[in-house]
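A structural walkthrough
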Amino acid sequence: MQIDTTEFPIVKMDYSVPYQTDFREILASLDELFARKTPFVIIGRRERSEKDEAQSKEDRHEAGLWAKARKEQIAESIMIHYYVESDPVKVLEMEEFSVIFEKFWGYPLVVVSSVEEGYRRAHALLNSKSGT
């Protein structure tokens, strides 16, 4: 997975890119975003790489502990995660997975059909929260 914060408060995640570094660095990037004290939206796309799919149980456990310890920051900072998927079968899979995702991470995952739709919805949500 690769995280791109250049368009903050929109944060892009590309799941097809294998971890370039230890996954803990991605969590550290999120900690840096939390320190900004500005709510943001995530737009994620592409399927996980095979390398990331094989992530160890210990790593998933550590990520869960990280999320649990930052429950308040997550609730205050991450407004929503729009996941881009156009394949109807995968859309259904992701919609089913979204329940587990929200319980684990503490913020909603919503499937959108295109990157453009993700941006449109992200901008609308961010504008509604900023009062503009």
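Computed from a prediction, not measured in an experiment: that's the story for all the values here. (Residues numbered from 1 in each chain as written. Predicted model: local features only at pLDDT ≥ 70, side-chain atom pairs only at ≥ 80, totals over all residues. Heavy atoms only, no water.)

**A closer look at the overall build of the protein**
Filter applied, for reference: Helix numbers and strand numbers start at the N terminus; a helix is a DSSP run of H or I with at least 4 residues, a strand a run of E with at least 2. A contact between two residues is defined here by any heavy atoms of the two lying within 4.5 Å. Note on areas: Shrake-Rupley, 1.4 Å probe, and residue coverage restricted to the protein chains presented here.
Counting secondary structure elements, the protein contains 6 helices and 5 strands. Nonlocal contacts in the protein, meaning residues at least 24 apart in sequence, comprise 79% of its contacts between residues at least 6 apart. When the accessible surface of the protein is totalled, it reaches about 8000 Å², and 53% of it is carbon and sulfur.

**Regarding the pattern of salt bridges**
Stated precisely, the cut-off is as follows: Should a side-chain nitrogen of Lys or Arg be within 4 Å of a carboxyl oxygen of Asp or Glu, the pair is scored as a salt bridge. Buried residues are those whose accessible area, probed at 1.4 Å on protein chains only, stays under 20% of the maximum for their type, while exposed residues exceed 50% and partly exposed ones sit between those limits.
Counted by the stated rule, this structure contains 5 salt bridges. For the salt bridge of R24 with E62, the shortest nitrogen-to-oxygen distance reads 2.7 Å. Of this pair, R24 sits in helix α1 (residues 23-35) while E62 sits in helix α3 (residues 57-69), and the two are 38 residues apart along the sequence. For R24, a relative accessible area of 34% puts it in the partly exposed group. For E117, the salt bridge identified is with R121, shortest N-O distance 3.3 Å. Linking E117 with R121, this pair stays in helix α6 (residues 115-130), spanning 4 residues, or about one helical turn. Bridged by salt links that share partners, the residues D4, E7 and K12 form one connected network.

**Let's talk about the confidence of the model for the protein**
Note that predicted coordinates carrying low pLDDT should not be read in detail. Our working rule: Confidence of the predictor at the level of single residues is captured by pLDDT, which takes values from 0 to 100.
Summarising the model, the protein shows a mean pLDDT of 87, and 86% of its residues fall at 70 or more. The least confident element of the protein is helix α2 (residues 50-53), whose mean pLDDT is 51; the most confident is strand β4 (residues 78-84), at 97.

**A few points about the environment of A75**
Relative to the elements of secondary structure, A75 occurs in helix α4 (residues 71-77). Along the sequence, A75 and G106 sit 31 residues apart, while their C-alpha atoms lie 6.6 Å from each other.

**Let's talk about the packing of aromatic side chains**
Basically, it comes down to this: Put simply, two rings from Phe, Tyr or Trp (the six-membered ring, in Trp's case) pair if the centres are within 6.5 Å, and we call them stacked under 30 degrees between planes, edge-to-face over 60, tilted for the rest.
All chains considered together, the criterion is met by 7 aromatic pairs. Ring plane angle 25 degrees and centroid distance 6.3 Å describe the contact between F34 and F40, whose orientation is recorded as stacked. With relative accessibility at 5%, the residue F34 sits in the buried group. On the basis of relative accessible area, F40 is assigned to the buried category, the value being 0%. Taken together, a centroid distance of 6.1 Å and an interplanar angle of 65 degrees make the contact between F97 and F101 edge-to-face. In this pair, F97 and F101 are both assigned in helix α5 (residues 88-105), 4 residues apart and thus about one turn of the helix distant. Given a relative accessible area of 7%, F101 falls into the buried group. Among the aromatic residues, those joined into a cluster by ring pairs are F8, F34, F40, W66, F104 and W105.

**Here's the deal with the pairing of strand β5 (residues 109-112)**
Put simply, the rule reads: Any two strands between which DSSP finds at least two bridges are classified as paired. Crossovers are described as right-handed under a simple rule: with the strands pointing away from the observer, the path leading from the first strand over the helix to the second runs clockwise.
Relative to β5, β4 runs parallel, the two sharing 4 bridges. In the sheet register, V84 faces β5, and the bridge partner there is V112. One crossover worth recording links β4 to the parallel β5 by way of α5, and it is right-handed.

**Observations concerning the sheet that holds β5**
The following threshold applies: Here an axis means a line fitted to C-alpha atoms, over the contact stretch when the element is a helix, while the angle between two N-to-C directions is reported on a 0 to 180 degree scale.
If you walk across this open sheet you meet the 5 strands as β1-β2-β3-β4-β5, and the pairing is mixed. With one partner strand each, in any of the chains shown, β1 (2-7) and β5 form the two edges of the open sheet. Averaged over all neighbouring strand pairs, the angle between strand axes comes to 25 degrees, with direction disregarded. Along the sheet, α5 makes contact with β4 and β5, crossing β5 at roughly 165 degrees.

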